[in-house]
Amino acid sequence: MEQKLPYYMAYPMMLDFEEDRAERMDFEYLRSMYPEIPKKILPYVEEECDRMAYENSMIFDQYPDKLQLRLMCRRICDNVKKHEKMLSAESLTDFFSEGCRDSGRCGDRDDRKSGREDSWLRDMVEVMLYQELFRRRREHRHTAGRFY
């Protein structure tokens, strides 16, 4: 006599959907806890990733081209500088001087004096871009081959 399988064993895909949903909710919650400046930069990173997310895009290559990723970062930085007033020289001076008082370290001032005042923005955008690309590549691999 054949023994019937329980529902959860007959259709194991439903468990995958629950795990995906829990991970997505966790990711969104942690993303909501970003500080003020990264929260303002995030839509520009997502917009650039949306623009580059098409079938056979270089962002889905096994080893994405570092030059192309840097060009993406440059486009994002240019958009942020063009559209965000909070990144003016006065507000950044206040931002960095406040950080110096709090932490006792003023290494960021040395970067500004040496002509690299945008290095913090470029570094932040680069980290946020790589994190967003990781998330999108993971989702792309996870959904590749599913037809439902």
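Shown above is the structure to which this text applies.
Residues numbered from 1 in each chain as written. Predicted model: local features only at pLDDT ≥ 70, side-chain atom pairs only at ≥ 80, totals over all residues. Heavy atoms only, no water.

Participant: Hey, could you run me through the nonpolar core in this one?
Facilitator: Across soluble globular proteins, nonpolar side chains have a tendency to be buried as a group. If you look at the biggest cluster of nonpolar residues, it comprises 22 residues, and the most contacted ones within it are Ile 41, Val 45, Met 72, Ile 76, Leu 121, Val 125 and Leu 129. Looking at this core, the elements that each hand over two or more residues are α3 (36-52), α4 (66-83) and α7 (119-143). The greatest single-element share of this core, amounting to seven residues, is contributed by α3. Apart from the residues lying within four places of it in its own chain, the contact partners of Leu 129 are Val 45, Cys 49, Leu 69, Met 72, Cys 73 and Ile 76. (Core = buried A, V, L, I, M, F, W, Y, C linked by side-chain atoms within 4.5 Å. Buried < 20%, exposed > 50% of the residue type's maximum accessible area, 1.4 Å probe, protein only. Helix = DSSP H or I, 4+ residues; strand = E, 2+ residues; numbered from the N terminus. Contact = heavy atoms within 4.5 Å.)

Participant: For this particular structure, what's the right way to read the pattern of salt bridges?
Facilitator: Charged atoms that come close allow side chains of opposite charge to pair. Considering all chains together, one arrives at 10 salt bridges under this definition. Across the pair Glu 23 and Arg 138 runs a salt bridge whose closest N-O atoms are separated by 2.5 Å. Linking Glu 23 in helix α2 (residues 13-32) with Arg 138 in helix α7, this pair joins segments that are 115 residues apart in sequence. Of the charged contacts, one joins Arg 75 and Glu 48 as a salt bridge, the two residues approaching to 2.8 Å between their closest N and O atoms. On the criterion of sequence distance, the pair formed by Arg 75 in helix α4 and Glu 48 in helix α3 is long-range, its members being 27 residues apart. Here Arg 75 falls in the partly exposed class, since its relative accessible area comes to 31%. (Salt bridge = Lys/Arg side-chain N within 4 Å of Asp/Glu carboxyl O.)

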